[in-house]
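# Residue-level structure breakdown
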Amino acid sequence: MAIKMETRNQVPIRIVEDKVLRFSKGERISHWVHAISFFVLLFTGLGVLSTFFQPAMTILGGIHVARVIHRISALFFVVVVGLMFFIGNPRYHWRWIKFVFNFTKSDWQHVSAFPKEFFGGHGAYPEQEKYNGGEKINSLITIFGTVFITLSGIVMWWAPFFPVGLVRWAYPVHDLSMFLMTAAAIGHIYLGLLHPDSKAAMSGMLNGYVSKEFARAHHSAWYNRLKEEQKKSIKS
Amino acid sequence: MTRKMVLIDTSKCTGCKACSVACKEWNELPAEKTKLVTSYQTQKDFTTKTWTYMTFIEKYENQKMDFLMRKAQCFHCANPACMKACSSQAITKTVLGYVLIDHDKCIGCGYCVENCPFGVPKLDPIKKKSYKCTGCIDRVENDLKPACVHTCQPGALQFGERDVLLTQAKKRLAEVQKTHPKAQLYGEKEMGGTTFLYLLLDSPDVYGLPVNPTIPLSLTLWKDVIRPVGGLAVGGAAAAVVIGVFANLLKGNYHSNKEKVGNDPSSINKGGKD
Ligand code: HEM
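Note that the coordinates shown come from a computational prediction; the quantities given were computed from them, not determined experimentally.

## Brief notes about the overall build of chain A
A count of helices and strands for chain A gives 9 helices and 3 strands. What you see in chain A, going N to C, is helices and strands ordered as β-β-α-α-α-α-α-α-α-β-α-α. Expressed along its principal axes, the backbone C-alpha trace of chain A runs to roughly 60 × 45 × 35 Å. Here the contacts in chain A between residues at least 6 apart in sequence split such that 67% fall between residues at least 24 apart. Approximately 11900 Å² of chain A is accessible, and the part contributed by carbon and sulfur atoms is 72%. Distance from the positive charge centre (25 side chains) to the negative charge centre (14 side chains) of chain A: 6 Å.

Dropping the structure here:
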């Protein structure tokens with residue numbers, strides 16, 4: 001049975017007083033399950049990657065416990081989030097996929113203006129829909145990173161059952177995905193927690209809502225569309 | 001101390017398997033249940049408790065059978081893939097040319113198992129350690145020959161200084177080639193030159209050995225490209241964040257922002273409208 005989280009397969013009222021609903025409860029659950037398990041996986045994985053980090057594994061009970069925790073959190077990372085696409089909150093999850101795979105000219109314009117924004121300046125770019133170019137790239141790195149790190153991780157986990165040539169390639173694939181996702185996560189966390197303009201987005205991942213001001217300032221195309229949709233649905 | 005060598009002269013080997021028994025004896029490795037693999041071969045592969053075994057290949061040519069026998073064990077490469085792959089700096093190479101696993105450091109990740117071009121190390125999933133031939137380093141460092149060499153009756157195994165034995169091996173090869181034209185040395189150049197070096201009677205692939213063993217390309221890419229470049233990317237992202245925080249501090253963005261967002265809608269036109 002589907003756990004329909006704030007969806008019930010109907011368009012909810014998105015704009016409520018001075019706030020705009022940005023993420024459904026299901027989307028927020030997926031985000032945080034993925035984020036927390038990512039860091040557990042990163043921490044325990046680094047214990048295997050290098051003897052520099054290995055001593056830190058004593059806080060978990062040693063490297064062998066860390067390796068077991070790596071496998072357990074991998075299940076959350078993949079299975080829990082994966083299930084959200086099918087029985088948890090499918091509609092909104094697939095809509096996110098649809099959004100971020102639709103990379104447009106306006107997204108490129110955002111991306112080229114983005115470095116300036118990142119360092120506290122103001123770049124010029126067209127009005128953005130729900131996800132701007134930078135967010136789409138972050139999402140795409142997460143999606144592809146997750147797929148590749150999972151496939152390679154499965155091969156590494158059950159190495160004796162796979163051809164040796166495949167196992168040998170799984171190692172660099174696992175590391176490459178890890179480095180890419182970690183670099184993206186560092187920038188992502190900065191924008192969510194520390195960046196003066198964009199940190200207002202944080203509440204969207206906590207209670208689901210962002211302020212109208214934020215929505216208008218950063219995602220006016222999205223905001224205007226929601227306003228139109230809401231007008232229509234109230235009329236009918 | 002100079003580099004040592006064990007010459008395995010397969011032209012002298014009688015396939016008696018005493019070497020594998022001596023290995024078990026000295027290294028206190030328990031016997032395992034064996035099974036007939038081919039006519040004489042009773043061991044298919046290395047195990048955590050079998051570090052050397054005999055392979056027997058029956059080669060038929062012109063109605064004649066040639067019995068190709070080879071003692072298999074770790075090659076102790078000068079350029080060991082296992083050492084490069086090891087996650088825990090547990091594998092080292094000694095000046096004698098021995099490649100050794102330190103079981104205090106080994107965590108049993110299996111990276112050496114998967115990357116050895118000869119499939120030598122084996123993983124004990126319970127002990128979570130990788131095992132292979134030690135070359136009897138504990139004997140050699142006490143001026144004894146490796147157990148297998150010590151026991152070899154037909155003199156197919158010889159132990160000595162690498163330079164001296166290699167010269168000898170080449171002389172012997174010229175001799176053997178008179179009857180076995182395809183005979184060759186295996187391990188002189190392979191993997192940077194191996195400590196356990198063979199005089200084979202035929203080309204390596206006939207014995208099931210890789211003709212051109214190398215460090216896997218994936219391993220080089222992993223350790224020498226993705227690791228340093230990935231580290232730089234993560235470091236670069238972290239540096240960009242630190243610079244970003246300071247840039248915003250210097251521009252006073254942390255103060256002005258609070259007033260802008262929330263109270264005064266007219267000034268919040270970032271993100272395109274300006
Ligand atoms: C999603 C499913 C994943 C699976 C099934 C998985 C599985 C594995 C396995 C089996 C290993 C080999 C080490 C060992 O035997 O303990 C490993 C290593 C590692 N994993 Fe994962 N992993 C996954 C996700 C991740 C994620 C998300 C990260 C970090 C962001 C990560 C980081 C690492 C690192 C750094 C290593 C060490 C690699 C090395 O030694 O170079 N893994 N993983």
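## Some remarks on the confidence of the model for chain B
Residues and elements named next belong to chain B. For chain B, per-residue confidence averages 92 on the pLDDT scale, and residues scoring 70 or more make up 93% of the total. Here residues 258-274 is modelled with pLDDT under 50, and outside its nearest four sequence neighbours on either side it reaches 25 contacts, counting other chains as well. We note a pTM of 0.91 for the whole complex and an ipTM of 0.89 for its interfaces.

## Observations concerning the sheet that holds strand 10 (residues 196-200) of chain B
All names here are of chain B. One open sheet accounts for 4 strands, arranged 8-1-10-9; its pairing is mixed. At either margin of the open sheet sits one strand with a lone partner, and together these are strand 8 (157-161) and strand 9 (184-186). Averaged over all pairs of adjacent strands, the angle between their axes in this sheet comes to 25°, without regard to strand direction. As judged from the 5 bridges shared by strand 1 (residues 4-9) and strand 8, these two strands associate in the antiparallel manner. Looking at strand 8, one finds that V6 is bridged to F159. Where helix 6 (residues 162-177) meets the sheet, it contacts strand 1, strand 8, strand 9 and strand 10, and its direction lies at approximately 140° from that of strand 8.

## Some details on the coordination of the iron atom of the ligand
All names here are of chain A. Around the iron atom of the ligand, the protein supplies H70 (NE2) and H174 (NE2) as donor atoms, at distances of 2.0 to 2.1 Å. Geometry at the iron atom of the ligand is octahedral, judged from the 6 donor atoms that bind it and their angles of 86 to 179° at the metal. Here H70, found in helix 2 (residues 63-88), pairs with H174, found in helix 6 (residues 164-194); they are 104 residues apart in sequence, far enough to count as distant.

## A short note on the site of the ligand
Neighbouring the ligand are 25 residues; R67(A), H70(A), H174(A), D175(A) and R227(B) lie closest to it. The residues that come close to the ligand belong to more than one chain, namely chains A and B. Within the side chain of H174(A), a nitrogen or oxygen atom sits 2.8 Å from a nitrogen atom of the ligand. Take R227(B): an N or O atom from its side chain is 2.5 Å from an oxygen atom of the ligand. Counting residues per element, the ones that place at least two in the shell around the ligand are helix 1 (25-49), helix 2, helix 5 (133-157) and helix 6 of chain A together with helix 7 (217-250) of chain B. Among the elements that make up the shell around the ligand, the one with the highest residue count is helix 1 of chain A (7 residues). Class assignment for the residues of the shell around the ligand results in 16 nonpolar, 5 polar and 4 charged.

## Focus: the interface of chain A and chain B
Contacts between chain A and chain B engage 46 residues on the former and 45 residues on the latter. Taking both partners together, chain A and chain B bury about 3900 Å²; carbon and sulfur atoms supply 62% of that area. At the surface where chain A touches chain B, the tally comes to 1 salt bridge. Where D175(A) meets R227(B), a salt bridge forms, and the shortest distance between an N and an O atom there is 2.7 Å. Inspection of the chain A/chain B interface yields 14 residue pairs in polar contact (both at pLDDT 80 or more). If you list the elements that add at least two residues to the side of chain A that touches chain B, you get helix 1, helix 2, helix 6 and helix 8 (212-218) of chain A. Top contributing element to the side of chain A that touches chain B by residue count: helix 6 of chain A, with 15 residues. Partitioned by chemical class, the residues of the side of chain A that touches chain B number 24 nonpolar, 14 polar and 8 charged.

## Side note on the pattern of salt bridges
For the structure shown, the criterion picks out 15 salt bridges over all chains. Measuring nitrogen to oxygen at the nearest pair gives 3.0 Å for the salt bridge that ties R225(A) to E229(A). One end of the pair is R225(A) and the other is E229(A), both in helix 9 (residues 220-235) and 4 residues apart, which spans about a single turn. Given the relative accessible area of 27%, R225(A) is considered partly exposed. The class of E229(A) is partly exposed, set by a relative accessible area of 34%. K84(B) serves as the salt-bridge partner of D224(B), at 2.8 Å between the closest nitrogen and oxygen. Placement of the pair is D224(B) in helix 7 and K84(B) in helix 2 (residues 81-85), with a sequence separation of 140 residues. Exposure remark for K84(B): the relative accessible area of 25% places this residue in the partly exposed category. Residues joined in a network through salt bridges with shared partners are E129(A), R225(A) and E229(A).

Each value, and the rule that gives it
- Residues numbered from 1 in each chain as written.
- Chains lettered and ligands numbered in written order.
- Predicted model: local features only at pLDDT ≥ 70, side-chain atom pairs only at ≥ 80, totals over all residues.
- Heavy atoms only, no water.
- Helix = DSSP H or I, 4+ residues; strand = E, 2+ residues; numbered from the N terminus.
- Contact = heavy atoms within 4.5 Å.
- Areas by Shrake-Rupley, 256 points an atom, 1.4 Å probe, with all protein chains shown as cover.
- Lys, Arg positive; Asp, Glu negative; His and termini not counted.
- Charge placed at Lys NZ, Arg CZ, Asp CG, Glu CD.
- pLDDT = per-residue confidence, 0-100.
- Pairing = 2+ DSSP bridges.
- Axes fitted to C-alpha atoms, helices over the stretch in contact; angles between N-to-C directions.
- Donors = N, O, S within 2.8 Å, 3.2 Å for Na, K, Ca; no water.
- Tetrahedral: all angles 85-135°; square planar, octahedral: opposite > 155°, others 65-115°.
- Near = heavy atom within 4 Å.
- Polar contact = N/O pair within 3.5 Å; in protein donor to acceptor, adjacent residues only side chain to side chain.
- Nonpolar A, V, L, I, M, F, W, Y, C, P; charged D, E, K, R; others polar.
- Buried area = accessible area lost by both parts, 1.4 Å probe.
- Salt bridge = Lys/Arg side-chain N within 4 Å of Asp/Glu carboxyl O.
- Buried < 20%, exposed > 50% of the residue type's maximum accessible area, 1.4 Å probe, protein only.

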